[in-house]
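Chain by chain, the residues run as shown.
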Amino acid sequence: PQLIRPTSHDQFDNAYRLVKLGVARSLSRKRFTAQNVADTLSELLDSPTVAEQCRRYAAKIRGTNTLEQTCSLAEALVGKEGQGS
């Protein structure tokens, strides 16, 4: 579970996506108070739905070598660009 306080750039989009996946909550700067943080963290940690979504997405990526996948994708992109030269 994640509590996100987006401040700039793509953080708002990332927060939106994680909230939509059901694994996070987002608090704006104005709503980021000690009481709201405590309440939201309690909600996240006590929620069976959030726990289930976290388990679901963890299982999807377990055993995945993300570094290797990222390098392979980057190499494929470079290879495609180099073919036109």
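Here, every reference points to the structure presented above.
Residues numbered from 1 in each chain as written. Predicted model: local features only at pLDDT ≥ 70, side-chain atom pairs only at ≥ 80, totals over all residues. Heavy atoms only, no water.

Caption draft 1: Molecular detail of the pattern of salt bridges. The final tally for this structure, using the stated rule, is three salt bridges. For the salt bridge of Glu43 with Arg25, the shortest nitrogen-to-oxygen distance reads 2.7 Å. Taken together, the residues span a long stretch of sequence, with Glu43 in helix α2 (residues 34-46) and Arg25 in strand β2 (residues 24-26) at a distance of 18 residues. In this structure, the salt-bridge partner of Arg55 is Glu52, at a minimum N-O distance of 3.2 Å. In this pair, Arg55 and Glu52 both sit in helix α3 (residues 48-61), three residues apart, roughly one turn of the helix. The exposure class assigned to Glu52 is partly exposed, which follows from its relative accessible area of 41%. (Salt bridge = Lys/Arg side-chain N within 4 Å of Asp/Glu carboxyl O. Helix = DSSP H or I, 4+ residues; strand = E, 2+ residues; numbered from the N terminus. Buried < 20%, exposed > 50% of the residue type's maximum accessible area, 1.4 Å probe, protein only.)

Caption draft 2: Highlighting the packing of aromatic side chains. On inspection of all chains with the given rule, the structure shows zero aromatic pairs. Here Arg5 stacks its cationic end above the ring of Phe32, 5.5 Å away from the centre of that ring. (Phe/Tyr/Trp six-rings, centres within 6.5 Å; stacked < 30°, edge-to-face > 60°. Lys NZ or Arg CZ within 6 Å of the ring centre and 35° of its normal.)

Caption draft 3: The arrangement of the environment of Asp13 in detail. Examined against the element boundaries, Asp13 turns out to sit in helix α1 (residues 11-21). Relative accessible area serves as the criterion here: at 35%, Asp13 is assigned to the partly exposed category. Polar contacts involving the side chain of Asp13 include one to the side chain of Arg17, which spans 2.7 Å. (Polar contact = N/O pair within 3.5 Å; in protein donor to acceptor, adjacent residues only side chain to side chain.)

Caption draft 4: Inspection of the side chain of Thr40 at higher detail. Positionally, Thr40 belongs in helix α2. For Thr40, a relative accessible area of 10% corresponds to the buried category. A distance of 2.7 Å separates a polar atom in the side chain of Thr40 from the backbone oxygen of Asn36. Other than its neighbours up to four places away in sequence, Thr40 contacts Leu3, Arg25 and Leu27. (Contact = heavy atoms within 4.5 Å.)

Caption draft 5: Spotlight on unusual backbone geometry. Positive phi, close to 50 degrees, is recorded for His9, a residue that is not glycine. Looking at the secondary structure, you find His9 in the loop between β1 (2-4) and α1. Given the relative accessible area of 76%, His9 is considered exposed.

Caption draft 6: Molecular detail of α3. Its 14 residues place the ends of α3 20 Å apart at the C-alpha level, agreeing with the 20 Å of an ideal helix rising 1.5 Å per residue. The N-cap residue of α3 is Ser47: its side-chain oxygen and the backbone nitrogen of Thr49 are 3.3 Å apart. Gly63 occupies a position one or two residues after α3 and carries a positive phi of about 80 degrees. (Expected span 1.5 Å × (residues − 1).)

Caption draft 7: Seen up close, the environment of Ala38. Secondary-structure assignment places Ala38 in helix α2. We classify Ala38 as partly exposed; its relative accessible area is 38%. In the structure, Ala38 is positioned 15 residues away from Val23 in sequence and 17 Å away in space, judged by C-alpha atoms.

Purely spatial values, then, with no claim about function.
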